Amino acid sequence: MSKQHFEVIVVGAGFAGLYLAHKLTTQGRTLRVLEQGSDVGGTWYWNRYPGARCDAESLAYSFSFSSELEQTWHWSERYAQQPEILSYARHVADQFQLRPLIQFNTQVTSAIWQELPCHWVIETALGERFTADFCVMATGCLSVPQRPDIPGLETFAGNFYQASQWPHEPVGFEAERVGIIGTGSSGIQAIPVIAASAAHLTVFQRTPNFSVPANNYELDPDWVSEFKQHYPAHRANHRAGNGSGFGDLDILPRSGPVDPVIFNELSEPAATALLEAAWQRGGARFMAVINDTLMNLEANQFVQAFVHKKIRSLVKDPVTAAALCPTTHPIGTRRICVDINYYETYNQDHVRLVNLRETPLVEITPKGIALDKEHIELDTLVIATGFDAMTGALRNMNIQGVGGLALEDAWHAGPRTYLGLMSVGFPNLFMVTGPGSPSVLSNMLVSIEQHVDWIVNCLTKMRADNHRMIRAEEAAQDQWMAHVQMVAEATLFPQGGSWYLGANVPGKPRIFMPYAAGVGAYREACEAVVAKGYRGFEFA
Ligand code: NAP
């Protein structure tokens, strides 16, 4: 068993791992990035299903740390497709000479803290062993696919694909009878694209989700260069405020700031007009035009009714339209989907929606799917059934902290962190966009950059002060967790029954995992901790 020592081991070479590698190298640290895939890109490496694209605008969902990078990289569409985002990640890796720091095809199987030498011992599936003063988990929030517990799933004899583990080779659906299970963001993106080439498509829907149109288009180069002249101001705007890291400016040609409006201050026609304008502009910002949509049930129900009406106007068959109207959760408490022609797809004769709430799925057979009164034959089955989100990758990795404490056990009742950056009992182990930080409720690039900057600055301080160990204090963690829950309870999020709460994974503790007060408030909290001498952290 070979053994190599680094100051920092980073797990994961997605956007977080790439920025960490860049930042740590510029600080003269020795490091190694261990990546399970055969290339960089993380979520954009794995999620290559048909129609995969980001539902955040390209010009915002990109790194801000290098002015040269943001000025020279060319985004072609308002919402970039997966291949373009993956090319961007590869470009970053090449441009900043990060590849020599990354070991690909390397799955970490354990990370064990050793108190006396004061380091982490990291082992891989290849039988390698590394030691590191610090370990940074850049393992992503949506990186462990969730396979549904449907009887007979393994017996299906046709072509079988999981959205988040899509093959690298081209997949065609011509002349095939395709079935898809899952109508979250992934399914809603894949369905129109699969329908475009399949002979027949059956969508098996258990819970409908709210989706808003993307209004995607190719970016106008003149408008982009104008936008890029003001990039620093846009980035500053994204980082501030109590929103999700996209600022208060619509990233659209000729549009100005979006003023926050409270529902009760609006007449009904004014509220409808605001929603209509946002629907036409497209994108997830639809959720932000009435400022208290996620706080005020009455406001939320008004927005729900608006979208229901839209669905009924877009889908010709009233039974299908009714089945597509979500009624089990307030809008936005499950991640809002952003689509291109999703609802319209159901107007095609070869596309059928099966409402599993009315005709339950009994089992998957070698030839298709058995419902209670019907067997639907399929050549191909696609599942887009989501992820063991936010904690899956960390809990599966056999992380053991002080006295052999397993992270799995420390988090048995749900994840516990201080600021989403560290967890008590696990010294010198940082998380990027961990539970307890804005994370999946935010523009991930904004949150990744903020966390990486915080962590690297912390390591710099430790070096200056000749400290070898940092750990989170229990009281600080308890206080932070209570605050995270208090903020969540002030919103409608807990009513969503979503993966934010772990509700999609049988047996997973139900606790609202991300911090819902917005990226600006969170950044201020992190900066205040630093200003007060890293309050809540202990150094040795
Ligand atoms: P998801 O939102 O968790 O959706 C999973 C779907 O599978 C749900 O419709 C769920 O139905 C269904 N499902 C699960 N088990 C089932 C079963 N046994 N029988 C029938 N249906 C079942 O997962 P996702 O679509 O992969 O999206 C996850 C997150 O990834 C998104 O919320 C988003 O944050 C991110 N994402 C982003 C983009 C983007 O940027 N464009 C694209 C894709 C994903 P139930 O609701 O009834 O459980």
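A quick note: this is a predicted structure, and the numbers were derived from the prediction, not measured.

Enquirer: So what's going on with the overall build of the protein? Residues and values would help.
Expert: Helices and strands together make up the secondary structure of the protein, namely 16 helices and 20 strands. Against the 2.2 N^0.38 benchmark of 24 Å for 540 residues, the protein shows a C-alpha radius of gyration of 23 Å, consistent with a compact globule. Along the longest, intermediate and shortest principal axes, the C-alpha atoms of the protein span 70 × 55 × 45 Å. Taking all 540 residues of the protein together, 58% fall into the buried category. In the protein, the share of contacts with a sequence separation of at least 24, taken over all contacts with a separation of at least 6, comes to 71%. Looking at the protein as shown, the accessible area adds up to about 21800 Å², and 51% of this sits on carbon and sulfur atoms. On the protein, the mean spot of the 40 positive side-chain charges and the mean spot of the 54 negative ones are 3 Å from each other.

Enquirer: Report on the packing of helix H8 (residues 268-281) against helix H9 (residues 297-314), specifying residues and quantitative values.
Expert: Contact pair H8 / H9: the axes reach a minimum separation of 11 Å and the direction vectors enclose 55°. The pairing of H8 with H9 is recorded here as oblique in orientation. The element H8 and its partner H9 pack so that their crossing is right-handed. Touching Glu268, Ala271, Thr272, Leu275, Glu276, Trp279 and Gln280 of H8 are Phe302, Val303, Phe306, Val307, Lys310 and Leu314, all from H9. Across the contact of H8 with H9, the residue classes break down as eight nonpolar, two polar and three charged.

Enquirer: Provide a residue-level description of the sheet that holds strand E7 (residues 159-162), including the pertinent values.
Expert: Overall, parallel pairing links the five strands, which are arranged E7-E16-E8-E9-E12 in an open sheet. The sheet is open, and its two borders are formed by E7 and strand E12 (351-355), each paired with just one other strand. Sheet twist, expressed as the average angle between the axes of neighbouring strands with direction ignored, equals 15°. Where strand E8 (residues 177-181) and strand E16 (residues 380-383) come together, four bridges link them in parallel fashion. Bridge pairing in E16 places Ile180 opposite Val382.

Enquirer: Got a sec to walk through the pattern of salt bridges? Specific residues and values, please.
Expert: Counted according to the given criterion, the structure contains 21 salt bridges. The salt bridge involving Asp453 is made with Lys23; its shortest N-O contact spans 3.0 Å. Note that Asp453 is positioned in helix H14 (residues 444-464) and Lys23 in helix H1 (residues 15-26), a separation of 430 residues in sequence. In this structure, Asp55 and Arg335 form a salt bridge, with 2.5 Å as the shortest nitrogen-oxygen distance. Residue Asp55 is found in the loop between helix H2 (43-46) and helix H3 (67-72), and its partner Arg335 is found in the loop between helix H10 (318-324) and strand E11 (337-339); the two are separated by 280 residues along the sequence. Residue Arg335 is classed as partly exposed on the basis of its relative accessible area of 30%. Each member of the salt-bridge network shares a partner with another, and the members are Asp39, Arg90, Asp94 and Arg99.

Enquirer: Lay out the site of the ligand in plain terms, naming residues and giving numbers.
Expert: In the vicinity of the ligand there are 24 residues, among which Arg53, Ser186, Arg206, Thr207 and Arg334 approach most closely. Taking Ser186, its side chain carries an N or O atom lying 2.7 Å from an oxygen atom of the ligand. At a separation of 3.0 Å, an oxygen atom of the ligand approaches a polar side-chain atom of Trp499. Per-element tally for the shell around the ligand: the top contributor is helix H5 (residues 185-197), with three residues. Residue classes in the shell around the ligand are distributed as ten nonpolar, nine polar and five charged.

The rules we used
Residues numbered from 1 in each chain as written. Predicted model: local features only at pLDDT ≥ 70, side-chain atom pairs only at ≥ 80, totals over all residues. Heavy atoms only, no water. Helix = DSSP H or I, 4+ residues; strand = E, 2+ residues; numbered from the N terminus. Rg over C-alpha atoms; globule rule 2.2 N^0.38 Å. Buried < 20%, exposed > 50% of the residue type's maximum accessible area, 1.4 Å probe, protein only. Contact = heavy atoms within 4.5 Å. Areas by Shrake-Rupley, 256 points an atom, 1.4 Å probe, with all protein chains shown as cover. Lys, Arg positive; Asp, Glu negative; His and termini not counted. Charge placed at Lys NZ, Arg CZ, Asp CG, Glu CD. Axes fitted to C-alpha atoms, helices over the stretch in contact; angles between N-to-C directions. Parallel < 35°, antiparallel > 145°, perpendicular 65-115°, else oblique. Left-handed = near helix turned anticlockwise from the far one by under 90°. Nonpolar A, V, L, I, M, F, W, Y, C, P; charged D, E, K, R; others polar. Pairing = 2+ DSSP bridges. Salt bridge = Lys/Arg side-chain N within 4 Å of Asp/Glu carboxyl O. Near = heavy atom within 4 Å. Polar contact = N/O pair within 3.5 Å; in protein donor to acceptor, adjacent residues only side chain to side chain.

Note that every value here comes from positions in space, so none of it alone points to a role or purpose.
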